[in-house]
Amino acid sequence: MGVKTFIQGWPVYRQLTGTDPLGRGAAAQSARSAALTARTETADHMARSVCPYCAVGCGQRVFVKDGQVTQIEGDPDSPISRGRLCPKGSASKNLVTSPLRQTTVRYRRPYATEWEDLDLDTALDMIADRVIAAREATWEDADEDGRPLNRTLGIASLGGATLDNEENYLIKKLFTALGALQIENQARI
Amino acid sequence: MAEAHPVGFQWVMEAKLRGAKVFHVDPRFTRTSALADTYLPIRAGTDIALLGGIVHYILDNQLDFREYVLAYTNAATIVSEEFADTEDLDGFFSGYDPGTEAYNQRSWQYAGQEDTTGYRAAHEERDVAAGLRHESHGIPVGGQVQRDETLQHPRCVYQLLRRHFARYTPEMVERTCGIPREKFLELARAWTENSGRERTGVLIYSVGWTQHSVGVQYIRTGAIIQLLLGNMGRPGGGVLALRGHASIQGSTDIPTLFNLLPGYLPMPHCTHHTTFTDWVDAIRHPGQKGFWSGARAFGASLLKAYWGDAATPENDFCYGYLPRMTGDHGTYQTVLNMIDGKVKGYFLLGQNPAVGSAHGKAQRLGMANLDWLVVRDLFMIESATFWQNSPEVETGEIVPEECRTEVFFIPAASHVEKEGTFTQTQRLLQWREKALDPPADARSELWFFFHLGRIIREKLAASDRHRDRPVLDLAWDYPTHGEHAEPSAEAVLKEINGYEVATGRPLSAFTEAKDDGSTVVGCWIYTGVYADGVNQAARRKSRHDQDWVAAEWGWAWPANRRILYNRASADPDGRPWSERKKYVWWDADRAEWTGYDVPDFEKTKPPTYRPPEGASGVQGLAGDDAFIMQGDGKGWLYVPSGLQDGPMPTHYEPAESPIRNPLYGQQANPTRKVYGHPVNSVNPSPPQSHTDVFPYVFTVSRLTEHHTAGGMSRMVSRLAELQPEMFVEVSPELAGELGLDHLGWAHLISGRAAIEARVLVTDRLTPLRLDGRVVHQVWLPYHFGREGIVTGDSVNDLFGITLDPNVLIQESKVGTCDIRPGRRPTGAALLALVDDYRRRAGLTGGRPPIVTTDAPEREG
């Protein structure tokens with residue numbers, strides 16, 4: 001390697017003489033980093049999403065390869081966030097791919113000291129039975145003056161602020177038809 | 001804002017670079033303070049005194065934007081001669097009834113309207129959080145009012161405000177808030193100097209403001225300032241709420257809230273809304289001005305969306321199917337009912353009340369007394385494991401072998417594993433594309449509730465009982481796709497938007513909603529999000545390819561309008577107040593409103609329009625009635641009806657405070673909602689005795705690196721690493737007084753619980769000197785619990801339950817406690833410690849009995 005080549009290989013030389021005066025691109029590249037490919041380039045597809053944490057609503061781009069989320073980053077097109085994400089938004093790939101995520105149904109019997117497994121369809125069927133039974137046991141047709149109540153105060157729900165509008169719509173619609181009034185979310189808290 | 005909404009804060013920094021002055025008011029010096037021009041430490045719970053000081057400064061120096069105030073606010077409106085102020089009654093307004101601890105609001109009305117408007121039973125309105133339904137509009141008043149355009153009449157709103165805030169002087173601000181006089185005046189000068197024709201100022205609050213027993217009145221005080229200074233409806237102005245969850249705005253608009261139906265229509269009340277017409281008239285208030293005159297169409301179209309073919313004009317669209325409220329069915333009352341064994345089953349949907357709600361012990365004991373609990377979450381959170389791993393298991397208050405509650409943990413899909421819209425804090429809906437399928441048993445809420453409903457309907461299909469008709473007649477036929485039969489979120493969005501029943505054509509505007517059953521509208525304020533059959537919330541035109549309003553990114557309710565009440569950005573004649581602050585204006589040549597945004601006014605109604613005598617509804621709005629959802633078309637400096645705690649904000653001390661109210665004999669908000677349940681208690685405040693038992697003020701908030709109750713952050717390794725431990729920030733002075741060591745341990749005790757935390761000694765906390773006495777405040781993050789990668793005690797365990805009377809939100813930003821060095825005791829000794837404090841503080845009642853719901857037989 002000649003002296004000239006050697007000097008031209010220095011990042012500081014490239015930064016001072018090249019097209020990258022801030023040293024954040026070509027000037028900072030090494031042989032190793034030149035050979036790297038961004039996960040965003042090799043992804044099978046990208047979905048345009050929104051950060052799930054606070055209510056600023058930063059745009060996210062979610063990159064997927066081989067059925068796995070490989071990268072989540074800020075959407076530079078967003079007029080709200082201009083491509084930025086905070087520490088939480090930046091960690092959201094870790095959120096969705098975390099090994100701590102519980103991905104199967106867990107069931108705790110009355111008086112049990114441990115969890116056990118349960119099939120999802122069975123769980124849904126059991127929950128439906130319990131909703132019907134709780135409604136049955138606590139149903140109020142009318143008050144003492146005969147005015148209609150059409151309700152149960154035996155069933156309650158809390159949550160919605162982290163969910164989609166479409167989900168909240170179905171939750172409220174179903175519970176209202178069931179006569180369940182005590183439907184609440186973080187907006188009350 | 002830099003802490004909890006960092007990416008939103010970039011715009012504050014952008015403004016600062018352009019010369020804006022940034023003020024930060026907070027009990028603790030944060031990352032926001034570090035970037036602000038001026039930081040003002042404040043005693044937690046005294047914001048009305050501070051903001052009232054600004055109102056006083058504006059009025060005393062006649063710095064209001066007079067032309068705006070006269071045209072667009074109710075400053076000139078004359079109030080009933082029956083009205084008496086807190087200045088006359090030592091902290092009460094006229095009409096207080098000590099029996100119900102609520103106001104008869106008759107005397108607060110505009111002159112001449114005493115008999116025609118207002119609420120008869122304020123305590124009943126409090127129980128149903130009636131204030132919340134006014135999120136999208138004002139409160140009923142008659143459209144015709146008496147005015148004095150000179151603002152000299154002693155009972156005009158302007159003069160009432162002057163008198164009400166006369167004692168909120170800089171000296172009083174200093175005495176009450178602990179903010180030095182000079183700093184207060186710097187804020188007051190900057191705010192007023194940067195408002196007017198050429199400039200606008202903005203007030204930004206994080207929703208910790210709502211977590212006070214006077215939370216609604218905090219925001220009211222801010223609104224008064226912004227109206228007086230002409231900062232509403234104009235670019236760079238406003239009162240901006242920074243909400244804390246991705247779609248908490250959406251879950252208020254399409255409410256999973258007990259007292260609301262979609263679009264802020266009230267859930268019917270048993271005695272007040274007997275018939276469909278009663279209900280509709282209670283919303284539209286015949287005779288008042290504004291767009292709520294369409295309430296019959298909004299109501300009929302919602303019921304049509306719920307009950308489809310079964311809903312007809314002849315049966316009042318199945319209005320009779322709706323459940324009826326009789327009082328407080330809010331989350332705190334419900335939890336107390338759980339403890340008492342009255343609630344059988346509970347769903348938790350991405351929420352962790354064991355950590356995130358006030359009075360954690362009450363939350364966990366409530367869950368321990370259910371028949372069954374369904375938890376839907378990404379992770380195993382504290383609310384799913386209360387029976388196994390909680391402070392009460394440690395103390396023996398919950399014994400797994402004796403706890404009956406059956407728990408189902410059903411895994412949820414993450415935000416990238418389903419499609420749908422979030423509504424962010426500016427009312428902007430953004431559609432998320434689905435990136436991939438959820439793993440294993442994880443499913444969306446859409447899937448879970450659609451199929452739960454389907455199965456329940458199948459099981460009840462043979463029923464001919466009256467009570468099951470609403471379930472069986474429900475319009476519940478959403479198209480599904482994929483191997484798990486996932487319902488179509490877009491089909492649900494189309495129903496939310498609304499469509500013509502006969503043709504299926506999506507509606508473009510809520511003005512197309514009909515009251516004859518020919519339209520379906522799931523949430524009228526969202527109509528337009530699916531206009532022309534296009535998912536407008538999915539629009540992603542780059543910010544580089546459109547102007548700064550960015551109207552083609554997502555969709556904002558209502559009508560894709562980005563600034564509400566933007567008619568006020570033009571003067572009464574329809575001209576921009578200034579070239580610099582031009583936004584929406586009247587184009588005389590084309591005879592229509594135009595501008596950068598969708599005008600918040602009838603497009604072709606000229607500024608000169610004056611309604612005919614006796615006109616109401618939309619027709620009743622004059623060409624300069626900029627506040628089109630208000631019953632009189634005006635922005636309200638004074639609220640004649642509908643707020644529980646008064647027509648003007650008044651400084652009350654928090655429910656727990658070491659300080660006697662410096663302004664009034666009345667110590668705390670006299671209308672605050674209090675629960676007498678034995679599990680609940682309130683630490684004593686002056687003039688009560690034993691206030692020395694809990695001498696310190698504690699306040700709580702968020703860290704950048706964690707999220708609310710920690711369910712989405714303590715489980716995430718990167719975030720856990722950044723903020724690994726529960727801690728308490730203490731000033732060097734207090735650390736010295738108590739013998740606390742930096743990085744050592746301390747424990748904090750209230751009448752409810754004792755928790756421990758590592759000590760961070762820092763001058764980010766300032767001891768406040770008030771009236772010659774020093775008040776110490778400490779700060780803690782509220783993210784910690786017992787599950788996840790990083791764990792710690794939950795500070796919400798320290799709080800009791802006291803609620804704002806307007807919206808039933810708890811006071812969980814300020815409380816009193818004692819602090820001791822070292823770790824807390826465990827087991828029975830922990831209970832003994834709290835009991836000792838309770839005894840010394842004279843708190844009545846004991847710990848609640850453990851009620852196990854009536855299990856007939858203990859199963860093997």
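Residues numbered from 1 in each chain as written. Chains lettered and ligands numbered in written order. Predicted model: local features only at pLDDT ≥ 70, side-chain atom pairs only at ≥ 80, totals over all residues.

Enquirer: Lay out the overall build of chain A in plain terms, naming residues and giving numbers.
Expert: Tallying secondary structure elements over chain A gives eight helices and eight strands in all. At 27 Å, chain A has a C-alpha radius of gyration far larger than the 16 Å of a compact globule built from 189 residues. Taken over the C-alpha atoms alone, chain A extends approximately 100 × 40 × 30 Å along its principal axes. Across the 189 residues in chain A, those meeting the buried criterion constitute 47%. Sequence separation of 24 or more characterises 31% of the internal contacts of chain A that already satisfy a separation of 6 or more. (Helix = DSSP H or I, 4+ residues; strand = E, 2+ residues; numbered from the N terminus. Rg over C-alpha atoms; globule rule 2.2 N^0.38 Å. Buried ≥ 20, exposed ≤ 12 C-beta atoms within 10 Å, placed from the backbone. Contact = placed C-beta atoms within 7 Å.)

Enquirer: Give me the overall build of chain B: which residues, what numbers.
Expert: Secondary structure assignment for chain B yields 24 helices and 30 strands. Against the globule reference of 29 Å for 860 residues, chain B gives a C-alpha radius of gyration of 27 Å, in line with a compact fold. Counting over 860 residues, chain B shows a buried share of 61%. Counting contacts in chain B only where the partners sit at least 6 residues apart, residues at least 24 apart contribute 70% of the total.

Enquirer: Give a description of the packing of helix α8 (residues 165-178) of chain A against helix α21 (residues 489-497) of chain B that names residues and reports values.
Expert: The contact between α8 of chain A and α21 of chain B brings their axes to 9 Å, and the two run at 70°. Regarding the angle of α8 of chain A to α21 of chain B, the classification is roughly perpendicular. Judged by residue contacts, Asn165, Glu166, Tyr169 and Leu170 of chain A of α8 of chain A engage Ala489, Val492, Leu493 and Ile496 of chain B from α21 of chain B. For the contact of α8 of chain A with α21 of chain B, the residue count by class is six nonpolar, one polar and one charged. (Axes fitted to C-alpha atoms, helices over the stretch in contact; angles between N-to-C directions. Parallel < 35°, antiparallel > 145°, perpendicular 65-115°, else oblique. Nonpolar A, V, L, I, M, F, W, Y, C, P; charged D, E, K, R; others polar.)

Enquirer: So what about the sheet that holds strand β12 (residues 420-423) of chain B? Which residues, and what values?
Expert: One open sheet accounts for three strands, arranged β12-β13-β18 (chain B); its pairing is antiparallel. Single-partner strands in this sheet number two, and they are β12 and β18 (555-556) of chain B. Sheet strands touched by α8 of chain A: β12 and β13 (428-432) of chain B. Its angle to β12 of chain B, the strand with the most contacts, is close to 95°. (Pairing = 2+ DSSP bridges.)

Enquirer: Residue-level account of the sheet that holds strand β3 (residues 68-74) of chain A, with values.
Expert: Residues and elements named next belong to chain A. If you trace the three strands from one edge of the open sheet to the other, you get β1-β2-β3, paired in antiparallel fashion. Looking at strand neighbours, the two that pair on one side only are β1 (45-50) and β3, the edges of this open sheet. Neighbour to neighbour, the strand axes of the sheet diverge by 25° on average, direction disregarded. In the sheet, β1 pairs with strand β2 (residues 59-65) via six bridges, with the strands oriented antiparallel. Within the sheet, the bridge partner assigned to His45 lies in β2 and is Val64.

Enquirer: Provide a residue-level description of the domain arrangement of chain A, including the pertinent values.
Expert: For chain A, the assigned domains are domain 1 (3-34), domain 2 (39-97) and domain 3 (119-188). If you average the C-alpha positions of domain 1 of chain A and of domain 3 of chain A, the two centres end up 64 Å apart. (Domains from an automatic or database assignment.)

Enquirer: Any chance you could break down the confidence of the model for chain B for me, citing the residues and the numbers?
Expert: Mean pLDDT over chain B works out to 95, with 96% of the residues at or above the 70 mark. In this model residues 855-860 of chain B is a low-confidence stretch, pLDDT under 50, and it forms five contacts with partners more than four residues away in sequence or in other chains. (pLDDT = per-residue confidence, 0-100.)

Enquirer: Residues and numbers for helix α7 (residues 157-164) of chain B, please.
Expert: All names here are of chain B. Among the residues of α7, Val157, Tyr158, Leu160, Leu161 and His164 are the ones counted as buried. For α7, the angular spread of the buried residues around the axis is 165°, confining them to a single face. Buried residues in α7 make contact with α3 (47-60) and α5 (86-89). (Arc of directions from axis to C-beta.)

Enquirer: Provide a residue-level description of helix α16 (residues 360-368) of chain B, including the pertinent values.
Expert: Residue and element names in this part refer to chain B. Counting buried residues along α16, nine of its nine residues qualify, which places the element largely inside the surrounding structure. When α16 is considered as a whole, its buried residues turn out to be Gly360, Lys361, Ala362, Gln363, Arg364, Leu365, Gly366, Met367 and Ala368. Contact partners of the buried residues in α16: α14 (331-339), β9 (345-349), α15 (353-356), β10 (372-377), α17 (382-385) and α18 (391-395).

Enquirer: Account for the nonpolar core, naming residues and giving values.
Expert: Within the largest apolar cluster, 300 residues are counted, with the highest numbers of intra-cluster contacts made by Val55, Leu161, Val728 and Leu748 of chain B. When residues of this core are assigned to domains, at least three map to each of domain 2 (39-97) and domain 3 (119-188) of chain A. Non-local contacts of Leu748 of chain B, meaning those with residues more than four positions away in its chain, are made with Phe698, Val728, Ala754, Ile755, Leu798, Cys817 and Ile819 of chain B. (Core = buried A, V, L, I, M, F, W, Y, C linked by C-beta atoms within 7 Å.)

Enquirer: Could you give an account of the environment of Asn796 of chain B, naming the residues involved and the relevant values?
Expert: Residues and elements named next belong to chain B. Turning to its location among the elements, Asn796 is positioned in the loop between β28 (777-781) and β29 (802-803). In the structure, Asn796 is positioned 415 residues away from Ile381 in sequence and 16 Å away in space, judged by C-alpha atoms. The residues touching Asn796, leaving out its near neighbours within four places in the chain, are Val355, Gly356, Ser357, Ala358, Gly360, Tyr782 and Ser812.

Enquirer: For the interface of chain B and chain A, give the residues involved together with the corresponding values.
Expert: Of the residues lining the interface, 133 residues belong to chain B; the matching set on chain A comes to 99 residues. Take the side of chain B that touches chain A: its biggest share by element is ten residues, from helix α19 (residues 445-459) of chain B. Its residues assigned to classes, the side of chain B that touches chain A comprises 68 nonpolar, 43 polar and 22 charged. Pairing of strand β7 (residues 148-158) of chain A with β9 of chain B, which is carried by four bridges, proceeds in the parallel orientation. Each bridged residue has a counterpart across the sheet, and for Ile155 of chain A the counterpart in β9 of chain B is Gly345 of chain B.

Enquirer: Kindly report on unusual backbone geometry, identifying the contributing residues and their values.
Expert: Here the residue pair Trp557 of chain B and Pro558 of chain B is connected by a cis peptide bond, since its omega of -10° sits within 30 degrees of zero. Summarising the element assignment, Pro558 of chain B is placed in the loop between β18 and β19 (584-587). In this model, Pro686 of chain B is joined to Pro687 of chain B through a cis peptide bond whose omega is 5°. Examined against the element boundaries, Pro687 of chain B turns out to sit in the loop between β21 (673-674) and β22 (696-701). Of note in this structure, Asn150 of chain A is not a glycine but carries a positive phi near 50°. Looking at the secondary structure, you find Asn150 of chain A in strand β7. Although it is not a glycine, Tyr565 of chain B sits at a positive phi angle of roughly 55°.

Enquirer: Can you lay out the pairing of β7 of chain A for me, pointing to particular residues and giving the numbers?
Expert: Residues and elements named next belong to chain A. In terms of residue burial, β7 counts as a mostly covered element, since nine of its eleven residues are buried. Direction of pairing for strand β6 (residues 139-142) relative to β7: antiparallel, over a ladder of three bridges. Bridge pairing links Trp139 to Thr152 in β7. One crossover worth recording links β7 to the parallel strand β8 (residues 180-184) by way of α8, and it is right-handed. (Right-handed = clockwise from strand over helix to strand, strands pointing away.)

Enquirer: How would you sum up the pairing of β28 of chain B? Please name residues and give values.
Expert: Residue and element names in this part refer to chain B. In terms of residue burial, β28 counts as a mostly covered element, since five of its five residues are buried. Along β28, one buried face is formed by Gln777, Trp779 and Pro781 and the opposite face, lined by Val778 and Leu780, is buried too. As judged from the five bridges shared by β22 and β28, these two strands associate in the parallel manner. Paired with Val697 across the strands is Gln777, a residue of β28.

Enquirer: So what's going on with the packing of helix α8 (residues 170-177) of chain B against helix α9 (residues 181-193) of chain B? Residues and values would help.
Expert: Residues and elements named next belong to chain B. Direction vectors running N to C along α8 and α9 enclose 120°, while the axes themselves pass 9 Å from each other. With respect to α9, the element α8 is oriented oblique. Both α8 and α9 take part in a crossing whose hand is right-handed. For the pair α8 and α9, contact is made by Pro170, Glu171, Val173 and Glu174 and by Arg181, Phe184 and Leu185, respectively. Residues that form the contact of α8 with α9 fall into these classes: four nonpolar, no polar and three charged. (Left-handed = near helix turned anticlockwise from the far one by under 90°.)

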